[in-house]
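Fold and contact review
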There are 4 protein chains.
Amino acid sequence: MYYRDYLQLDKVLNAQEPESFKPGNEPAHDEMLFIIVHQAAELWFKQILFELDYVMSVFRKSRIDDNSEDLNIVRHRLNRIIRINELLNEQVSILHTMTPLDFLEFRNLLSPASGFQSVQFRLIEARLGLEMENRHNKDYYKRTNEGGFEPKDFTSITDVEKEENLLSLVNKWLERMPFFQPEYWSAAGSPQSADENHPFWKEYRKRYVESLTEREAMKVKDFDFTFFQKKDDLTEEQMAMLKSALSPKAMQAGLFIMLYRDFPVFQTSYQILDSLVEIDHQMATWRHKHLVMVRRMIGMRMGTGNTSGSGYLEGALNKHYVFKDVAALSTFLIERKRLPELPGELIGKLSYNSEK
Amino acid sequence: MYYRDYLQLDKVLNAQEPESFKPGNEPAHDEMLFIIVHQAAELWFKQILFELDYVMSVFRKSRIDDNSEDLNIVRHRLNRIIRINELLNEQVSILHTMTPLDFLEFRNLLSPASGFQSVQFRLIEARLGLEMENRHNKDYYKRTNEGGFEPKDFTSITDVEKEENLLSLVNKWLERMPFFQPEYWSAAGSPQSADENHPFWKEYRKRYVESLTEREAMKVKDFDFTFFQKKDDLTEEQMAMLKSALSPKAMQAGLFIMLYRDFPVFQTSYQILDSLVEIDHQMATWRHKHLVMVRRMIGMRMGTGNTSGSGYLEGALNKHYVFKDVAALSTFLIERKRLPELPGELIGKLSYNSEK
Amino acid sequence: MYYRDYLQLDKVLNAQEPESFKPGNEPAHDEMLFIIVHQAAELWFKQILFELDYVMSVFRKSRIDDNSEDLNIVRHRLNRIIRINELLNEQVSILHTMTPLDFLEFRNLLSPASGFQSVQFRLIEARLGLEMENRHNKDYYKRTNEGGFEPKDFTSITDVEKEENLLSLVNKWLERMPFFQPEYWSAAGSPQSADENHPFWKEYRKRYVESLTEREAMKVKDFDFTFFQKKDDLTEEQMAMLKSALSPKAMQAGLFIMLYRDFPVFQTSYQILDSLVEIDHQMATWRHKHLVMVRRMIGMRMGTGNTSGSGYLEGALNKHYVFKDVAALSTFLIERKRLPELPGELIGKLSYNSEK
Amino acid sequence: MYYRDYLQLDKVLNAQEPESFKPGNEPAHDEMLFIIVHQAAELWFKQILFELDYVMSVFRKSRIDDNSEDLNIVRHRLNRIIRINELLNEQVSILHTMTPLDFLEFRNLLSPASGFQSVQFRLIEARLGLEMENRHNKDYYKRTNEGGFEPKDFTSITDVEKEENLLSLVNKWLERMPFFQPEYWSAAGSPQSADENHPFWKEYRKRYVESLTEREAMKVKDFDFTFFQKKDDLTEEQMAMLKSALSPKAMQAGLFIMLYRDFPVFQTSYQILDSLVEIDHQMATWRHKHLVMVRRMIGMRMGTGNTSGSGYLEGALNKHYVFKDVAALSTFLIERKRLPELPGELIGKLSYNSEK
């Protein structure tokens, strides 16, 4: 076992052939940096996909045992994805050491290739839950030979939609949370189902509305609380956030976990929900950092892949959130001290098995 | 001399009195973090203003001697502002350790105060060159007692507009660049002025147009090159970028510096222009990070300062660029090898005084 | 409620009076940065102490209920300390924008004050568990008026030793872990106590020794496994690491938690142990970053506080680890697949109370 | 041109074959992370070597024209190396998401391979100026098949010593600085040479000694100022720092640049010297971060490459500085206001060629 063989460095370190270094062109020094920063990003994308695969394999189980290590490892590996995303966002800044004039020396040689064509990045988006239909400028993806994807790659991205994505898996996981089962709620009046008419939710809604200031009450009054069948008078941003991808039942469970996360059994679940929002936000930061970099690098020019350049990135910035429903749950929180108390039967089920 | 006295720690470390810790309220542990993260930010804002003051004092000189240390110190201190901004952007992430539910415990106690009311941050924006007229939701600023500024503070922000801001100072500095003086350009046909009819710019424009791909040529064909009296058919983003704050003469000088920055005398000037763009972009990142944090923290609720919350931040994100003209110069670059050669007289003036 | 009043900015932003700006001195521009970077650090130290106080208050309880939120909040707040330390370590790099010559302009005015005299930093060290006796160059601390502490401050640091520090509290917490109680281990042969003769540890020790390579076995053969009554033939580094601050019983419990952390009930405890090691390492990084900065700034000169400058920092670097015993536990791990199986009674006690 | 082909992703993304995933072993999930973090580091090492090659090619010129872009590009690319090193140091922290127990799952499969064997990292050290003779535990390097290098790789590292390294190139560059030529110094008494008897240095030395406090004077009294033929009574740290790799003449030139860097012609040179020190310090931080990580990961065990583990890293930490002489120059600075004035002839030579 030797370091170089183990890491297959003969492959990895012989995969940089700048176009401008080829016969007939003038070598542009900074093209090497350009290649390496992208290759390093792709290595990390591979790692993110590897972790995502694991996370999704756990959520694909028909049932996750609270006494197993499953959720804890999911939490741990989502956290790793977050740290990798942090690094990727740092890494963008290395391209700031390439000036616009230096980029211009080799930029035209790349056309119509561009970072838009990263299959792994598109797969990450797709597995998280971004569908082709909802992508900004979705036509771009199909423009083979003009900056879009080769058909095989396009298909590999859309094929992900044939399976469940992380968003839909999380939705199912939240839906099957056992704590709304009627048997735990007898004292609360034998609810038929976990719907909005359940006494718990009626009470919660009442306390929530009381907790709002007058102005806030006006702003949220048109939301149907369970959840998000909105009425009138909302801004477009609110509209966009309301097109919920999670079911009402899943939203209720998510909110419940957020509210009662002091119970040990909810702590890991809460951290998982929080991590999903964090990943979404980091990918937004990634897009924003690219937008800022592209503006600096090419001004108002088009991207090498025939996109509109910075305009394209700006559009994607606000449309590509996947877990916006989870983030939106913050809207509906109330303070701990106002929380309805839970029935004793349920508390027992949420606890460790030790005689206290 | 003792560390504590020198740093006046008796003041600094006794300036945290969380509202929720006061009699009658329930202590919310995380309010301490909330206070300290804002105080640390304000300390750094003070430092940024201190550096900006110095930078502006140099640009206010009627003439900057290339043989003085002036520009080098400007470069150095703009770079310091950049490093501070990087830190401020990192610092935002510490608030991620406060969960939405933890924030809710004391959030209502703060109303209508909010980060919107940071006078120092508004002064930084104003001194860079953001005018009240161009601020997103400019009405908010005047709403005293409802989340806006006290009249005295409002006035201190708008008073900055009575003096020159960094943007206008940079414009003047660029305008008085000596390298377009006719005496250096005799061989090029005795130009009357540095305007767009100068043979250099005619030649440059020709080479620029030749350097564009067909698609790019269509995208930029309607720009009047010196600069930016635009025609039709532009997107709104392009429109916004074209409302130039720099004069054509300044834009020409800026482009000239970017193109010929390999001459030592231009190197520091180039780094200064680059730093201004970087500062703009970091402040955009700051706004984006806040947007992301607010979304996570309060969802669709209003901000404590009666703003629309995340909606407000989103609006400011794209409107508050100050040095967008400098960034836009990248649009008009051509490759080094296509650059018109400079007249010998001028080259002599751009060089060190050593017999080589 | 107004932003400035809430944050007491009149105090915080009026606490910078550079010595060099005073009458009779020549203003040194960078002294402002020097003051502000230290004040910002002190604000963060206050926050760290605030979080540490909370963490210690939990560990001071005679018993921590696994069904309470206690440990989860401890985990969360230790994690916050880690994020703050990360920021502090980033912040050091801002001082890199001050050059040695710029520092020299005001350096002599500060003597004999120095960062050595940060009472809050010393309190953090002391509450974590660093005793005066074990501090590098402990004489320095008493040298009032010559770079050491004023008597009142010295006393406040040593007074911490009258109470339990985090290290000793963690030791007690680990010692009282209930999972070594004989009643859970009947199947394993009715152990008398949790000592090294317990059949579990005998078996573990056997498997551990088998897991070592020949070279490794030689390196660790002289350790007494439960734990660390070392024999001969160790390097000084190993010696230092072996002077254990945790009791054998606590070390056993810590190792047990590390090994069996897949049980939900151990997950938070494991993360807490991991965080303690991380905090230690970040403080080492802090010291190393200071060492590097001091070397660059003053070369071989003495520190303003009459320390030997970089020499002092180098000494502290390796001596001030507090949780080195927890870090050392890694030495004794074996792979998951080799782990002895636990008795069924115990597994029941480590599980959630749900019929599976 | 297609993104995947351009970046040769078929090579880069098919170069991960974890040992533990091979038939007969149990897959250890985290081995993928372990491989990718090392491959990403190697990509960046390649980039650093690429930039270093360029930098050294400039210094290899017999003469660097101040009117060329040479030094400016050197400055720019050294700064890029610094940014890459920052990223590499951030990247280490991703391995913190691998716990010691997770590492143990595949650790033994790697032996005797280890990060010690990174040829590219050793080449970076060697080209900077670290010779085999001065490496900590230099015997390790030759132990082929036991954790050291294959003979071909060992030779490639030591072969670098046949050429000039960056340290010796910088030494020559500093030595040939023209500003000590006698013709510029007539007013100062027609010095024969740039040695320590030159009136300028005599005067400087006098002012330097006057600038010291009494304690400092004692600490530095035994240094021979031009430079560093030390006397007695120094600590070992001082001794180590004094074994100068730069010649007295080069040290004088370096100090002169530091002192008079406000002249534009020195600004870039000063930044270059500063960058070299920064690179040294970042590599020290890299070693320290690895030390900290290894301690956490394997405690007191040996490294997979049969090194002593953390002990080895600790030794390298303080011995592998290359530009310590440049850093040590800070020792000998005096305040700007005390600087001897330069002769008018020289000032003319240090200035731009414009009639002012």
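In what follows, the accompanying structure is described. Here the structure is a predicted model, which means the values were calculated and not measured.

Procedures and definitions
Residues numbered from 1 in each chain as written. Chains lettered and ligands numbered in written order. Predicted model: local features only at pLDDT ≥ 70, side-chain atom pairs only at ≥ 80, totals over all residues. Heavy atoms only, no water. Helix = DSSP H or I, 4+ residues; strand = E, 2+ residues; numbered from the N terminus. Buried < 20%, exposed > 50% of the residue type's maximum accessible area, 1.4 Å probe, protein only. Contact = heavy atoms within 4.5 Å. Buried area = accessible area lost by both parts, 1.4 Å probe. Salt bridge = Lys/Arg side-chain N within 4 Å of Asp/Glu carboxyl O. Polar contact = N/O pair within 3.5 Å; in protein donor to acceptor, adjacent residues only side chain to side chain. Nonpolar A, V, L, I, M, F, W, Y, C, P; charged D, E, K, R; others polar. Least-squares fit on C-alpha atoms with pLDDT ≥ 70 in both. Phe/Tyr/Trp six-rings, centres within 6.5 Å; stacked < 30°, edge-to-face > 60°. Lys NZ or Arg CZ within 6 Å of the ring centre and 35° of its normal.

Quick notes on the environment of W173 of chain A
All names here are of chain A. Take W173: it is sitting in helix α8 (residues 166-175). Look at W173 and you get buried, because its relative accessible area is 4%. Excluding anything up to four places from it in sequence, W173 contacts F59, I64, L71, S269, I272 and L273.

Description of the interface of chain A and chain C
Contacts between the two partners involve 26 residues from chain A and, on the opposite side, 26 residues from chain C. Each partner contributes to the roughly 2,400 Å² buried at the junction of chain A and chain C, and carbon and sulfur atoms together form 36% of this total. Viewed at the interface, chain C and chain A are joined by two salt bridges. The shortest N-O distance in the salt bridge between E86 of chain C and R83 of chain A comes to 3.1 Å. Taken together, the links from chain A to chain C amount to two residue pairs in polar contact (both at pLDDT 80 or more). Counting only elements with at least two residues in the side of chain A that touches chain C, the list comes to α4 (70-92), α13 (264-298) and α16 (344-349) of chain A. Counting residues per element, the side of chain A that touches chain C draws most heavily on α13 of chain A, at five residues. Partitioning the side of chain A that touches chain C into residue classes produces five nonpolar, nine polar and twelve charged.

Regarding the relation of the copies chain D and chain A
After a rotation of 180° and a shift along the axis of 0.0 Å, chain D superposes on chain A with an RMSD of 0.0 Å. Such a turn and shift between the copies fits a two-fold axis. Taken as a fraction of all interface residues of chain D, those also at the interface in chain A reach 100%, which identifies the copy contact as same-surface.

Overview of the packing of aromatic side chains
Tallied over the full model, the rule gives 80 aromatic pairs over all chains. Taking 5.5 Å as the distance between ring centres and 50° as the angle between the ring planes, the aromatic pair formed by Y208 of chain A and F332 of chain A counts as tilted. Remark: F332 of chain A occurs in the loop between α15 (324-328) and α16 and Y208 of chain A occurs in helix α9 (residues 199-211); sequence separation between them is 124 residues. Arranged with centres 5.5 Å apart and planes meeting at 45°, the rings of F45 of chain C and F121 of chain C form a pair that is tilted. On the criterion of sequence distance, the pair formed by F45 of chain C in helix α3 (residues 31-59) and F121 of chain C in helix α6 (residues 119-128) is long-range, its members being 76 residues apart. As far as burial versus exposure is concerned, F45 of chain C and F121 of chain C are alike and both buried. Taken together, F200, W201, Y204, F256, Y260 and F266 of chain A form an aromatic cluster joined through their ring pairs. In this arrangement the basic side chain of R77 of chain C is found over the ring face of Y54 of chain C, its NZ or CZ atom lying 4.3 Å from the centre.

Regarding the interface of chain D and chain A
Opposite the 67 residues of chain D that make contact, chain A presents 67 residues. Buried surface at the junction of chain D and chain A, summed over both partners, amounts to about 6,200 Å²; 63% is from carbon and sulfur atoms. At the surface where chain D touches chain A, the tally comes to six salt bridges. With its nearest N and O atoms 3.1 Å apart, the salt bridge here joins R4 of chain D to D153 of chain A. Inspection of the chain D/chain A interface yields 36 residue pairs in polar contact (both at pLDDT 80 or more). Looking at the side of chain D that touches chain A, the elements with two or more residues in it are α1 (3-6), α2 (9-12), α3 (31-59), α4 (70-92), α5 (100-110) and α7 (151-159) of chain D. It is α3 of chain D that provides the largest number of residues to the side of chain D that touches chain A, a total of 18 residues. Tallied by class, the residues present in the side of chain D that touches chain A amount to 30 nonpolar, 19 polar and 18 charged.

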